[in-house]
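# Topology and contacts: notes
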Amino acid sequence: MPAHGDVLYITSEPCTAENGRVEPNWYFSYSVNSLGSVTRSCYVRYNDQIWIKGPYGTESTFPMSYFGKPAVGDSGKTEQGSEVKQ
């Protein structure tokens, strides 16, 4: 999952499995590394934790305290979703 220095974004969009089926209660997330490479994942919020399911079935958990609103960009718009830096 996200490596040290990667930025993880969580969204409110429903996540779909590789076969196209919508995963109930799971939402789309993605991480961006310092080179701009994007990795797709899905997440679910459980109590005060975010569970992230990445490629090949890898799973990670993060406390909600790691997440915050993204900073306002140069264009004056905010990114949709939240982010965590590791």
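Okay, so let's go over this structure.

What counts and how
The residue count restarts for each chain, going from 1 along the sequence in the order it is written. Side-chain atom pairs in this predicted model are given and counted only at pLDDT of 80 or more, local residue features only at pLDDT of at least 70, and totals for whole chains, interfaces and linings cover all residues. The basis for every side-chain value is the complete set of heavy atoms in the structure, and neither hydrogens nor water enter the calculation. Helix and strand assignments come from DSSP, with helices taken as H or I runs of at least 4 residues and strands as E runs of at least 2, each series counted from the N terminus. Relative accessible area decides the class of each residue, using a 1.4 Å probe on protein chains only: under 20% of the type maximum gives buried, over 50% gives exposed, and in between gives partly exposed. The contact definition used throughout considers only heavy atoms, calling two residues in contact when any of these lie within 4.5 Å. Areas reported here follow the Shrake-Rupley algorithm with a probe of radius 1.4 Å; residue values treat only the protein chains shown as occluding. By definition here, a salt bridge exists when the distance from a side-chain nitrogen of Lys or Arg to a carboxyl oxygen of Asp or Glu is within 4 Å. A cavity here means a set of 1 Å grid points, computed over protein atoms only, where a 1.4 Å probe fits but cannot escape. A pocket is an open set with protein on both sides within 12 Å along at least 5 of 7 lines, and lining residues have an atom within 4 Å of a point. Grid points are joined across faces, edges and corners, and a volume is the space filled by probe spheres set on the points. In the scheme used here, Gly and all other residues not listed as nonpolar or charged are polar, with Ala, Val, Leu, Ile, Met, Phe, Trp, Tyr, Cys and Pro taken as nonpolar and Asp, Glu, Lys and Arg as charged. Under the pairing criterion, centres of Phe, Tyr and Trp rings, with the six-membered ring standing for Trp, must be within 6.5 Å; the plane angle then separates stacked pairs below 30 degrees from edge-to-face pairs above 60, leaving the rest tilted. Working rule: Lys NZ or Arg CZ, within 6 Å of ring centre, within 35 degrees of ring normal, means a charge sits over the ring. If DSSP finds at least two bridges between two strands, the strands pair. Distance and chemistry together define a polar contact, namely a pair of N or O atoms within 3.5 Å, with one atom able to donate a hydrogen and the other to accept it when in protein, and with adjacent residues in sequence counting only for side-chain atoms on both sides.

Counting secondary structure elements, the protein chain contains 0 helices and 6 strands. For the protein chain, with 86 residues in total, the buried portion stands at 35%. Counted over contacts in the protein chain with a minimum sequence separation of 6, partners at least 24 positions apart contribute 35%. Of the roughly 5,800 Å² that the protein chain leaves accessible, carbon and sulfur atoms contribute 50%.

Note on pairing: side chains with opposite charge can pair once their charged atoms come close. In the structure shown here, the tally under the stated rule is 1 salt bridge. When the shortest N-O distance is used, the salt bridge between Arg 21 and Glu 23 registers 3.5 Å.

Phi at Asn 25 is positive, roughly 70°, even though this residue is not glycine. Looking at the secondary structure, you find Asn 25 in strand E2 (residues 22-32). Look at Asn 47: it is not a glycine, yet its phi comes out positive at around 55°.

Okay, the layout of surface pockets next. Think of a ball as big as a water molecule: rolled over the atoms, this probe shows where empty space is left. The computed volume of the largest pocket comes to approximately 180 Å³. Lining the largest pocket are Thr 16, Ala 17, Glu 18, Glu 23, Arg 40, Ser 41, Cys 42, Lys 53, Gly 54, Pro 55, Tyr 56 and Gly 57. Its residues assigned to classes, the lining of the largest pocket shows 4 nonpolar, 4 polar and 4 charged.

Attention now moves to the packing of aromatic side chains. With the rule as written, the count across this model stands at 3 aromatic pairs. Judged by centre distance (5.9 Å) and plane angle (40°), the rings of Tyr 27 and Tyr 43 are tilted. Of this pair, Tyr 27 sits in strand E2 while Tyr 43 is found in strand E3 (residues 38-46), placing the two residues 16 residues apart along the sequence. Members of the aromatic cluster, connected to one another through ring pairs, are Tyr 9, Phe 28 and Tyr 30. Above the face of the Trp 26 ring, Lys 53 is positioned so that its terminal group lies 4.3 Å from the ring centre.

It is worth spelling out the pairing of strand E1 (residues 7-16) at this point. Relative to E2, E1 runs antiparallel, the two sharing 6 bridges. When the bridges of E2 are listed, Ile 10 appears paired with Ser 29. Taken together, E1 and the strand that follows it, E2, pair antiparallel across an intervening segment of 5 residues, in which Gly 20 is found at a positive phi of about 95°.

This part is about the side chain of Thr 11. Position of Thr 11 relative to the elements: it lies in strand E1. Looking at Thr 11, its side chain comes within polar contact range of the main-chain oxygen of Phe 28, at 2.7 Å.

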